[in-house]
Amino acid sequence: MSVDVARLEAAIRHLASISRPSASAGEREAAEWLAAELRTAGCREVRVEEERAHGTYWWPLGLLTGLAALGGLAALRGRRMVGLAAGAFAAAGIAGDIGGGSLWFRRFLPHRSTWNVVAEAGDPDARDTVVFVGHHDAAHAGLVFHPAIPRFIADHFPALLERSDTTAPVMFPVFAGPVAVALGSALGLRRTLRAGTLLAAASAASFADIGARAVVPGANDNLTGSATMLGLAHALAERPVEGVRVLLVSTGSEESFMEGMHGFARRHFPALPTAHTRFVCVDTVGSEQLIVLESEGMLVMRPYPEWFKALLEECAETEGIELRRGLKFRNATDGLISLRGGYDTVMIGSVNRDTKLPANYHWPTDTADNVLFETVGDAVRLCEAVTRRLAAGAAPAPA
(Lines give C-alpha, C1' and ligand atoms only; values in the text may rest on other atoms or scores of the structure.)
Protein backbone atom coordinates (compact mmCIF):
# COMPACT_ATOMS: atom_id res chain seq x y z
CA MET A 1 0.00 0.00 0.00
CA SER A 2 1.53 3.31 -1.07
CA VAL A 3 0.85 6.65 0.65
CA ASP A 4 1.42 10.14 -0.72
CA VAL A 5 3.54 11.44 2.17
CA ALA A 6 4.02 14.81 0.46
CA ARG A 7 0.25 15.34 0.52
CA LEU A 8 0.16 14.53 4.24
CA GLU A 9 2.97 16.99 4.87
CA ALA A 10 1.24 19.76 2.91
CA ALA A 11 -1.95 19.30 4.92
CA ILE A 12 -0.11 19.39 8.25
CA ARG A 13 1.90 22.47 7.28
CA HIS A 14 -1.22 24.33 6.18
CA LEU A 15 -3.23 23.50 9.29
CA ALA A 16 -0.29 24.22 11.61
CA SER A 17 -0.27 27.79 10.28
CA ILE A 18 -3.75 28.28 11.84
CA SER A 19 -3.96 29.04 15.56
CA ARG A 20 -6.42 26.42 16.77
CA PRO A 21 -7.31 26.66 20.47
CA SER A 22 -10.23 24.47 21.48
CA ALA A 23 -13.63 25.92 20.57
CA SER A 24 -12.20 28.85 18.63
CA ALA A 25 -12.56 30.50 15.24
CA GLY A 26 -9.27 28.90 14.21
CA GLU A 27 -10.56 25.48 15.18
CA ARG A 28 -13.62 26.08 12.98
CA GLU A 29 -11.41 27.23 10.07
CA ALA A 30 -9.39 24.03 10.37
CA ALA A 31 -12.58 21.94 10.49
CA GLU A 32 -13.99 23.55 7.36
CA TRP A 33 -10.69 23.09 5.50
CA LEU A 34 -10.56 19.43 6.49
CA ALA A 35 -14.16 18.94 5.37
CA ALA A 36 -13.38 20.42 1.96
CA GLU A 37 -10.34 18.17 1.59
CA LEU A 38 -12.35 15.09 2.55
CA ARG A 39 -14.93 15.96 -0.09
CA THR A 40 -12.16 16.31 -2.65
CA ALA A 41 -10.85 12.90 -1.56
CA GLY A 42 -14.20 11.36 -2.49
CA CYS A 43 -15.91 10.96 0.88
CA ARG A 44 -19.70 10.93 1.14
CA GLU A 45 -21.89 12.97 3.48
CA VAL A 46 -19.12 15.24 4.74
CA ARG A 47 -20.39 17.44 7.56
CA VAL A 48 -19.04 20.04 9.96
CA GLU A 49 -21.08 19.54 13.10
CA GLU A 50 -21.41 22.24 15.74
CA GLU A 51 -21.31 21.10 19.35
CA ARG A 52 -21.09 22.93 22.68
CA ALA A 53 -17.92 22.99 24.77
CA HIS A 54 -16.36 25.00 27.55
CA GLY A 55 -13.05 24.88 25.69
CA THR A 56 -10.44 24.71 28.48
CA TYR A 57 -9.37 22.42 31.27
CA TRP A 58 -7.30 24.91 33.26
CA TRP A 59 -10.33 26.96 34.30
CA PRO A 60 -12.41 24.10 35.76
CA LEU A 61 -9.44 22.37 37.36
CA GLY A 62 -7.83 25.64 38.42
CA LEU A 63 -11.02 26.83 40.08
CA LEU A 64 -11.55 23.52 41.84
CA THR A 65 -7.98 23.18 43.11
CA GLY A 66 -7.99 26.85 44.12
CA LEU A 67 -11.21 26.27 46.06
CA ALA A 68 -9.61 23.31 47.83
CA ALA A 69 -6.55 25.37 48.72
CA LEU A 70 -8.71 28.12 50.21
CA GLY A 71 -10.73 25.53 52.09
CA GLY A 72 -7.52 24.05 53.44
CA LEU A 73 -6.37 27.45 54.70
CA ALA A 74 -9.73 27.94 56.38
CA ALA A 75 -9.49 24.53 58.03
CA LEU A 76 -5.98 25.25 59.30
CA ARG A 77 -7.46 28.28 61.03
CA GLY A 78 -10.09 26.19 62.75
CA ARG A 79 -12.94 26.16 60.21
CA ARG A 80 -12.76 22.45 59.51
CA MET A 81 -16.28 22.12 58.06
CA VAL A 82 -15.33 24.68 55.40
CA GLY A 83 -12.26 22.64 54.52
CA LEU A 84 -14.26 19.41 54.41
CA ALA A 85 -16.91 20.89 52.13
CA ALA A 86 -14.43 22.62 49.81
CA GLY A 87 -12.15 19.59 49.55
CA ALA A 88 -14.96 17.12 48.95
CA PHE A 89 -16.66 19.35 46.35
CA ALA A 90 -13.36 19.95 44.54
CA ALA A 91 -12.42 16.25 44.54
CA ALA A 92 -15.82 15.28 43.12
CA GLY A 93 -15.58 17.95 40.43
CA ILE A 94 -12.06 16.91 39.45
CA ALA A 95 -13.05 13.23 39.27
CA GLY A 96 -15.91 14.14 36.95
CA ASP A 97 -13.59 16.21 34.78
CA ILE A 98 -10.58 13.92 34.37
CA GLY A 99 -12.34 10.56 34.30
CA GLY A 100 -13.77 10.89 30.79
CA GLY A 101 -17.25 11.02 32.26
CA SER A 102 -19.81 13.63 33.21
CA LEU A 103 -17.81 16.92 33.22
CA TRP A 104 -20.58 18.08 35.57
CA PHE A 105 -18.71 21.03 37.07
CA ARG A 106 -18.42 22.63 33.62
CA ARG A 107 -22.17 23.19 33.60
CA PHE A 108 -21.49 26.18 35.83
CA LEU A 109 -18.97 27.67 33.37
CA PRO A 110 -19.40 29.53 30.06
CA HIS A 111 -19.69 27.47 26.88
CA ARG A 112 -19.17 28.19 23.21
CA SER A 113 -19.20 26.34 19.90
CA THR A 114 -16.76 23.63 18.91
CA TRP A 115 -16.55 21.94 15.51
CA ASN A 116 -16.36 18.27 14.56
CA VAL A 117 -15.82 16.95 11.04
CA VAL A 118 -17.62 13.73 10.08
CA ALA A 119 -17.23 12.02 6.70
CA GLU A 120 -18.36 8.66 5.32
CA ALA A 121 -16.36 6.25 3.17
CA GLY A 122 -16.18 2.53 2.57
CA ASP A 123 -19.27 0.38 1.92
CA PRO A 124 -22.45 2.38 2.62
CA ASP A 125 -24.60 -0.77 2.84
CA ALA A 126 -22.36 -2.73 5.22
CA ARG A 127 -23.69 -3.88 8.57
CA ASP A 128 -20.42 -3.15 10.39
CA THR A 129 -18.83 0.26 10.88
CA VAL A 130 -15.30 1.30 11.81
CA VAL A 131 -14.87 4.85 13.08
CA PHE A 132 -11.45 6.53 12.83
CA VAL A 133 -11.04 9.51 15.14
CA GLY A 134 -8.42 12.24 15.26
CA HIS A 135 -8.64 15.84 16.46
CA HIS A 136 -7.69 19.17 14.91
CA ASP A 137 -7.53 21.56 17.88
CA ALA A 138 -4.24 22.34 19.63
CA ALA A 139 -3.11 22.60 23.24
CA HIS A 140 -1.66 25.38 25.35
CA ALA A 141 1.90 25.06 26.56
CA GLY A 142 2.87 25.01 30.24
CA LEU A 143 5.94 24.52 32.39
CA VAL A 144 4.71 21.08 33.39
CA PHE A 145 5.20 20.04 29.73
CA HIS A 146 8.75 21.38 29.45
CA PRO A 147 10.76 18.90 27.34
CA ALA A 148 13.72 19.22 29.71
CA ILE A 149 11.82 17.14 32.28
CA PRO A 150 11.60 13.86 30.30
CA ARG A 151 15.04 14.58 28.81
CA PHE A 152 16.52 14.80 32.33
CA ILE A 153 14.88 11.51 33.34
CA ALA A 154 16.09 9.75 30.18
CA ASP A 155 19.65 11.02 30.66
CA HIS A 156 20.00 10.45 34.41
CA PHE A 157 17.63 7.57 35.18
CA PRO A 158 17.66 5.35 32.07
CA ALA A 159 17.18 2.14 34.09
CA LEU A 160 14.07 3.56 35.76
CA LEU A 161 12.69 4.61 32.39
CA GLU A 162 13.48 1.22 30.90
CA ARG A 163 11.46 -0.53 33.63
CA SER A 164 8.50 1.80 33.32
CA ASP A 165 5.62 1.07 30.97
CA THR A 166 3.31 3.85 32.14
CA THR A 167 3.49 7.63 31.79
CA ALA A 168 3.65 9.75 34.94
CA PRO A 169 0.31 10.07 36.76
CA VAL A 170 0.26 13.86 36.46
CA MET A 171 -3.37 14.14 37.56
CA PHE A 172 -2.90 12.14 40.76
CA PRO A 173 -1.56 15.14 42.74
CA VAL A 174 -4.34 17.32 41.30
CA PHE A 175 -6.93 14.92 42.70
CA ALA A 176 -4.98 14.04 45.85
CA GLY A 177 -4.72 17.64 47.06
CA PRO A 178 -8.48 18.19 47.54
CA VAL A 179 -8.90 14.65 48.89
CA ALA A 180 -6.23 15.33 51.51
CA VAL A 181 -7.88 18.65 52.40
CA ALA A 182 -11.22 16.88 52.91
CA LEU A 183 -9.73 14.02 54.96
CA GLY A 184 -7.46 16.27 56.99
CA SER A 185 -10.39 18.56 57.78
CA ALA A 186 -12.71 15.71 58.70
CA LEU A 187 -10.24 13.86 60.92
CA GLY A 188 -8.27 16.80 62.29
CA LEU A 189 -5.02 15.63 60.68
CA ARG A 190 -3.04 18.84 60.34
CA ARG A 191 -0.10 17.33 58.45
CA THR A 192 -2.46 15.81 55.91
CA LEU A 193 -4.32 19.10 55.73
CA ARG A 194 -1.13 21.09 55.14
CA ALA A 195 0.05 18.68 52.45
CA GLY A 196 -3.31 18.79 50.70
CA THR A 197 -3.42 22.57 50.83
CA LEU A 198 0.06 22.83 49.31
CA LEU A 199 -0.75 20.31 46.59
CA ALA A 200 -3.98 22.08 45.71
CA ALA A 201 -2.28 25.49 45.62
CA ALA A 202 0.55 24.17 43.45
CA SER A 203 -1.96 22.61 41.07
CA ALA A 204 -3.92 25.84 40.80
CA ALA A 205 -0.70 27.72 40.03
CA SER A 206 0.19 25.19 37.34
CA PHE A 207 -3.21 25.56 35.67
CA ALA A 208 -2.86 29.34 35.80
CA ASP A 209 0.49 29.00 34.04
CA ILE A 210 -1.07 26.84 31.31
CA GLY A 211 -3.96 29.25 30.82
CA ALA A 212 -1.60 32.20 30.50
CA ARG A 213 0.49 30.61 27.75
CA ALA A 214 -0.15 30.63 24.02
CA VAL A 215 -1.55 27.74 22.02
CA VAL A 216 1.14 25.59 20.38
CA PRO A 217 1.17 24.76 16.64
CA GLY A 218 0.02 21.22 17.40
CA ALA A 219 1.52 19.66 14.28
CA ASN A 220 2.21 16.29 15.90
CA ASP A 221 -0.58 16.59 18.48
CA ASN A 222 -2.75 16.15 16.59
CA LEU A 223 -2.63 17.33 13.00
CA THR A 224 -0.92 14.04 12.27
CA GLY A 225 -4.17 12.36 13.31
CA SER A 226 -6.27 14.60 11.08
CA ALA A 227 -3.84 14.06 8.20
CA THR A 228 -4.21 10.31 8.75
CA MET A 229 -7.96 10.75 8.19
CA LEU A 230 -7.20 12.49 4.88
CA GLY A 231 -4.69 9.85 3.84
CA LEU A 232 -7.12 7.06 4.63
CA ALA A 233 -9.86 8.83 2.65
CA HIS A 234 -7.63 8.94 -0.42
CA ALA A 235 -6.61 5.30 0.06
CA LEU A 236 -10.22 4.11 0.25
CA ALA A 237 -11.14 6.17 -2.81
CA GLU A 238 -8.26 4.71 -4.82
CA ARG A 239 -8.77 1.15 -3.51
CA PRO A 240 -12.44 0.82 -2.47
CA VAL A 241 -13.35 -1.59 0.30
CA GLU A 242 -16.50 -3.69 0.64
CA GLY A 243 -17.94 -5.15 3.81
CA VAL A 244 -17.44 -2.26 6.21
CA ARG A 245 -18.68 1.31 6.41
CA VAL A 246 -16.02 3.82 7.44
CA LEU A 247 -16.57 7.04 9.37
CA LEU A 248 -13.69 9.52 9.38
CA VAL A 249 -13.99 11.90 12.31
CA SER A 250 -11.84 14.84 13.35
CA THR A 251 -13.02 16.35 16.60
CA GLY A 252 -12.64 19.78 18.08
CA SER A 253 -11.95 20.49 21.76
CA GLU A 254 -10.11 17.26 22.45
CA GLU A 255 -7.55 19.28 24.37
CA SER A 256 -10.27 20.46 26.75
CA PHE A 257 -10.78 16.84 27.82
CA MET A 258 -12.48 15.35 24.79
CA GLU A 259 -15.46 17.73 24.69
CA GLY A 260 -15.81 17.39 20.92
CA MET A 261 -15.89 13.60 21.24
CA HIS A 262 -18.50 13.90 23.97
CA GLY A 263 -20.57 15.87 21.45
CA PHE A 264 -20.03 13.19 18.79
CA ALA A 265 -21.16 10.57 21.31
CA ARG A 266 -24.37 12.42 22.15
CA ARG A 267 -25.20 12.88 18.47
CA HIS A 268 -24.07 9.56 16.94
CA PHE A 269 -23.75 6.79 19.54
CA PRO A 270 -27.51 6.00 19.51
CA ALA A 271 -27.25 5.10 15.80
CA LEU A 272 -24.02 3.07 16.18
CA PRO A 273 -24.74 -0.34 17.77
CA THR A 274 -21.88 -1.48 19.98
CA ALA A 275 -21.97 -5.02 18.55
CA HIS A 276 -21.21 -3.81 15.03
CA THR A 277 -19.07 -0.68 15.53
CA ARG A 278 -15.35 -0.37 16.27
CA PHE A 279 -13.35 2.74 16.97
CA VAL A 280 -9.73 3.48 16.08
CA CYS A 281 -8.36 6.62 17.74
CA VAL A 282 -5.33 8.13 15.97
CA ASP A 283 -3.54 10.68 18.14
CA THR A 284 -0.02 12.09 17.76
CA VAL A 285 1.53 9.76 15.18
CA GLY A 286 4.47 11.90 14.08
CA SER A 287 7.13 10.76 16.56
CA GLU A 288 9.79 8.09 15.99
CA GLN A 289 7.88 4.91 16.76
CA LEU A 290 4.20 3.99 16.31
CA ILE A 291 2.54 2.40 19.33
CA VAL A 292 -0.76 0.79 20.16
CA LEU A 293 -1.73 1.66 23.72
CA GLU A 294 -2.47 -1.13 26.15
CA SER A 295 -4.67 1.07 28.33
CA GLU A 296 -5.25 4.66 29.34
CA GLY A 297 -6.95 6.89 31.89
CA MET A 298 -6.07 9.79 34.16
CA LEU A 299 -7.47 8.21 37.33
CA VAL A 300 -8.74 4.73 36.43
CA MET A 301 -6.68 2.85 33.83
CA ARG A 302 -9.01 1.23 31.29
CA PRO A 303 -7.59 -1.55 29.08
CA TYR A 304 -8.24 -1.72 25.36
CA PRO A 305 -9.56 -5.05 23.97
CA GLU A 306 -6.79 -7.57 23.49
CA TRP A 307 -8.15 -8.92 20.20
CA PHE A 308 -8.10 -5.44 18.67
CA LYS A 309 -4.55 -4.69 19.81
CA ALA A 310 -3.41 -8.05 18.48
CA LEU A 311 -5.11 -7.31 15.14
CA LEU A 312 -3.16 -4.07 14.79
CA GLU A 313 0.03 -5.89 15.66
CA GLU A 314 -0.67 -8.48 12.95
CA CYS A 315 -1.47 -5.79 10.38
CA ALA A 316 1.72 -3.91 11.22
CA GLU A 317 3.84 -7.05 10.84
CA THR A 318 2.23 -7.83 7.48
CA GLU A 319 2.86 -4.28 6.23
CA GLY A 320 6.42 -4.15 7.57
CA ILE A 321 5.56 -1.35 10.00
CA GLU A 322 7.33 -1.04 13.33
CA LEU A 323 4.65 -1.01 16.05
CA ARG A 324 5.47 -1.00 19.73
CA ARG A 325 3.25 -2.59 22.35
CA GLY A 326 3.30 -2.60 26.13
CA LEU A 327 2.89 1.12 26.92
CA LYS A 328 0.13 2.63 29.05
CA PHE A 329 -1.01 6.24 29.10
CA ARG A 330 -1.90 8.07 32.34
CA ASN A 331 -3.72 10.69 30.33
CA ALA A 332 -6.71 10.53 28.00
CA THR A 333 -7.58 10.67 24.30
CA ASP A 334 -10.84 10.59 22.36
CA GLY A 335 -10.56 6.80 22.40
CA LEU A 336 -11.45 6.79 26.09
CA ILE A 337 -14.96 8.09 25.32
CA SER A 338 -15.85 5.29 22.91
CA LEU A 339 -14.22 2.73 25.22
CA ARG A 340 -16.36 3.93 28.12
CA GLY A 341 -19.34 3.85 25.79
CA GLY A 342 -18.98 0.09 25.41
CA TYR A 343 -17.33 0.02 21.97
CA ASP A 344 -14.34 -2.09 21.02
CA THR A 345 -11.69 0.60 20.67
CA VAL A 346 -7.98 0.81 19.99
CA MET A 347 -5.64 3.79 20.13
CA ILE A 348 -2.67 4.36 17.79
CA GLY A 349 -0.05 6.90 18.87
CA SER A 350 3.70 7.38 18.70
CA VAL A 351 6.64 8.01 21.00
CA ASN A 352 10.33 8.75 20.85
CA ARG A 353 12.30 5.65 21.70
CA ASP A 354 14.43 7.13 24.47
CA THR A 355 11.72 8.97 26.45
CA LYS A 356 8.71 6.73 25.65
CA LEU A 357 6.75 9.97 25.14
CA PRO A 358 5.39 11.83 22.11
CA ALA A 359 7.83 14.32 20.62
CA ASN A 360 7.35 18.02 21.49
CA TYR A 361 4.23 17.28 23.52
CA HIS A 362 2.29 20.49 24.31
CA TRP A 363 5.33 22.64 23.59
CA PRO A 364 5.99 25.46 21.08
CA THR A 365 8.39 23.16 19.21
CA ASP A 366 5.45 21.02 18.07
CA THR A 367 5.84 22.37 14.53
CA ALA A 368 5.57 20.75 11.13
CA ASP A 369 9.37 20.87 10.81
CA ASN A 370 9.61 18.45 13.75
CA VAL A 371 7.09 15.89 12.48
CA LEU A 372 8.38 12.60 11.10
CA PHE A 373 6.11 12.35 8.07
CA GLU A 374 7.14 8.82 7.23
CA THR A 375 5.68 7.72 10.56
CA VAL A 376 2.42 9.47 9.64
CA GLY A 377 2.47 7.58 6.34
CA ASP A 378 2.88 4.34 8.28
CA ALA A 379 -0.16 5.27 10.38
CA VAL A 380 -2.22 5.67 7.20
CA ARG A 381 -1.03 2.29 5.91
CA LEU A 382 -1.82 0.66 9.24
CA CYS A 383 -5.32 2.15 9.34
CA GLU A 384 -6.02 0.98 5.80
CA ALA A 385 -4.79 -2.52 6.62
CA VAL A 386 -7.00 -2.67 9.73
CA THR A 387 -9.99 -1.49 7.70
CA ARG A 388 -9.52 -4.28 5.18
CA ARG A 389 -9.07 -6.91 7.89
CA LEU A 390 -12.27 -5.77 9.59
CA ALA A 391 -14.07 -5.82 6.25
CA ALA A 392 -12.91 -9.41 5.83
CA GLY A 393 -14.46 -10.39 9.16
CA ALA A 394 -11.46 -10.16 11.52
CA ALA A 395 -13.55 -8.90 14.44
CA PRO A 396 -14.93 -11.48 16.89
CA ALA A 397 -18.59 -12.36 16.62
CA PRO A 398 -20.89 -10.35 18.92
CA ALA A 399 -21.55 -12.07 22.22
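Each helix and strand counted, the chain has 13 helices and 11 strands in total. Relative to the 2.2 N^0.38 estimate, which gives 21 Å for 399 residues, the radius of gyration of the chain is 21 Å and therefore close to what a compact globule would have. Taken across its 399 residues, the chain has 57% of its residues classed as buried. Intrachain contacts of the chain at a sequence separation of at least 6 include 86% that bridge at least 24 residues. For the chain, the accessible surface area stands at approximately 15800 Å², while carbon and sulfur atoms represent 58% of it. Between the centroid of the 38 positive side chains of the chain and the centroid of its 44 negative side chains there is a distance of 11 Å.

This brings us to the environment of glutamate 51. Relative to the assigned elements, glutamate 51 resides in strand 1 (residues 44–53). With a relative accessible area of 9%, glutamate 51 lands in the buried category. Distance from glutamate 51 to cysteine 383, taken between C-alpha atoms, is 27 Å for residues 332 residues apart in sequence. Beyond its immediate stretch of four places on either side in the chain, glutamate 51 contacts Arg112, Ser113, Thr114, Asn116, Gly263, Phe264, Arg266 and Arg267. At 2.7 Å, the side chain of glutamate 51 and the side chain of arginine 267 are in polar contact.

Further remarks concern the side chain of serine 226. Structurally, the position occupied by serine 226 is in helix 9 (residues 219–238). A polar contact is formed between the side chain of serine 226 and the backbone oxygen of histidine 135, at a distance of 3.2 Å. Beyond its immediate stretch of four places on either side in the chain, serine 226 contacts Leu34, His135, His136 and Ser250.

By the definition in use, this model includes 30 salt bridges. Among the ionic pairs, arginine 325 bridges to glutamate 294, the shortest N-O distance being 2.9 Å. Placement of the pair is arginine 325 in the loop between strand 9 (323–324) and strand 10 (328–329) and glutamate 294 in the loop between strand 6 (289–292) and strand 7 (295–296), with a sequence separation of 31 residues. The exposure class assigned to glutamate 294 is buried, which follows from its relative accessible area of 12%. A salt bridge links glutamate 306 to lysine 309; the shortest N-O distance between them is 3.6 Å. One end of the pair, glutamate 306, and the other, lysine 309, are both in helix 11 (residues 306–319), 3 residues apart, so they sit about a helical turn from each other. The class of glutamate 306 is partly exposed, set by a relative accessible area of 46%. Taken together, the salt bridges that share partners define one network made up of Arg47, Glu49, Glu51, Glu120, Arg245 and Arg267.

Here we take up the packing of helix 4 (residues 80–98) against helix 7 (residues 172–187). Contact geometry for helix 4 and helix 7: axes closest at 7 Å, N-to-C directions at 150 degrees. The angle between the axes of helix 4 and helix 7 places the two elements in the roughly antiparallel class. Crossing angle aside, the handedness with which helix 4 passes helix 7 is left-handed. Taking contact as the criterion, the partners of Arg80, Gly83, Leu84, Gly87, Ala88, Ala90, Ala91, Ile94 and Ala95 in helix 4 are, on helix 7, Val174, Phe175, Pro178, Val179, Val181, Ala182, Ser185, Ala186 and Leu187. Its residues assigned to classes, the contact of helix 4 with helix 7 comprises 14 nonpolar, 3 polar and 1 charged.

So, about the sheet that holds strand 8 (residues 302–303). Ordered in space as 8-7-10, the 3 strands form an open sheet in which the pairing is mixed. Only two strands of the sheet have a single neighbouring strand rather than two, namely strand 8 and strand 10. Pairing of strand 7 with strand 8 involves 2 bridges; the strand directions are antiparallel. Of the residues in strand 8, the one forming a bridge with glutamate 296 is arginine 302.

Examined against the element boundaries, alanine 359 turns out to sit in the loop between strand 11 (344–351) and helix 13 (373–391). Of the residues examined, alanine 359 reaches a relative accessible area of 10% and is grouped as buried. Separated by 138 residues in sequence, alanine 359 and aspartate 221 have C-alpha atoms that sit 9.0 Å apart.

Under the counting rule described, the total for this entry stands at 16 aromatic pairs. Plain terms: the ring middles of tyrosine 57 and phenylalanine 257 are 5.0 Å apart, the flat faces sit at 10 degrees to each other, and that makes the pair stacked. Remark: phenylalanine 257 occurs in the loop between strand 4 (245–251) and helix 10 (259–268) and tyrosine 57 occurs in the loop between strand 1 and helix 3 (58–76); sequence separation between them is 200 residues. For tyrosine 57, a relative accessible area of 6% translates into the label buried. Ring geometry for tryptophan 104 against phenylalanine 108: centres 6.4 Å apart, planes inclined by 85 degrees, an arrangement best described as edge-to-face.

To continue, consider a nonpolar patch on the surface. On the surface, Ile149, Phe152, Ile153, Phe157 and Leu160 cluster together to form a nonpolar patch covering roughly 450 Å² of accessible area. Counting residues per element, the nonpolar patch draws most heavily on helix 5 (residues 148–156), which supplies 3 residues. Relative to the assigned elements, leucine 160 resides in helix 6 (residues 158–163). A residue is classified by how much of its surface remains accessible, and leucine 160, at 46% relative accessible area, is partly exposed.

Moving on: the sheet that holds strand 2 (residues 112–122). For sheets, the rule is that strands pair by backbone hydrogen bonds, running either parallel or antiparallel. Pairing is mixed in the open sheet, where 8 strands are placed in the order 1-2-4-3-5-11-6-9. Looking at which strands have only one partner, the edges of the open sheet turn out to be strand 1 and strand 9. Note: strand 6 against strand 9, 2 bridges, orientation parallel. Note on strand 9: the bridge partner recorded for isoleucine 291 is arginine 324.

Judged by how many residues are buried, strand 4 sits mostly within the fold: 7 of 7 residues are covered. Here strand 4 shows two buried faces, one formed by Arg245, Leu247, Val249 and Thr251 and the other by Val246, Leu248 and Ser250. Note: strand 2 against strand 4, 6 bridges, orientation antiparallel. Bridge pairing in strand 4 places valine 118 opposite valine 249. Inspection of the sheet shows strand 3 (residues 129–135) paired to strand 4 by 7 bridges, in the parallel sense. Paired with valine 131 across the two strands is leucine 247, which belongs to strand 4.

The rules behind each value
Residues numbered from 1 in each chain as written. Predicted model: local features only at pLDDT ≥ 70, side-chain atom pairs only at ≥ 80, totals over all residues. Heavy atoms only, no water. Helix = DSSP H or I, 4+ residues; strand = E, 2+ residues; numbered from the N terminus. Rg over C-alpha atoms; globule rule 2.2 N^0.38 Å. Buried < 20%, exposed > 50% of the residue type's maximum accessible area, 1.4 Å probe, protein only. Contact = heavy atoms within 4.5 Å. Areas by Shrake-Rupley, 256 points an atom, 1.4 Å probe, with all protein chains shown as cover. Lys, Arg positive; Asp, Glu negative; His and termini not counted. Charge placed at Lys NZ, Arg CZ, Asp CG, Glu CD. Polar contact = N/O pair within 3.5 Å; in protein donor to acceptor, adjacent residues only side chain to side chain. Salt bridge = Lys/Arg side-chain N within 4 Å of Asp/Glu carboxyl O. Axes fitted to C-alpha atoms, helices over the stretch in contact; angles between N-to-C directions. Parallel < 35°, antiparallel > 145°, perpendicular 65-115°, else oblique. Left-handed = near helix turned anticlockwise from the far one by under 90°. Nonpolar A, V, L, I, M, F, W, Y, C, P; charged D, E, K, R; others polar. Pairing = 2+ DSSP bridges. Phe/Tyr/Trp six-rings, centres within 6.5 Å; stacked < 30°, edge-to-face > 60°. Patch = residues over 30% accessible without salt bridge, like charges linked within 9 Å, V, L, I, M, F, W, Y side chains within 5 Å.

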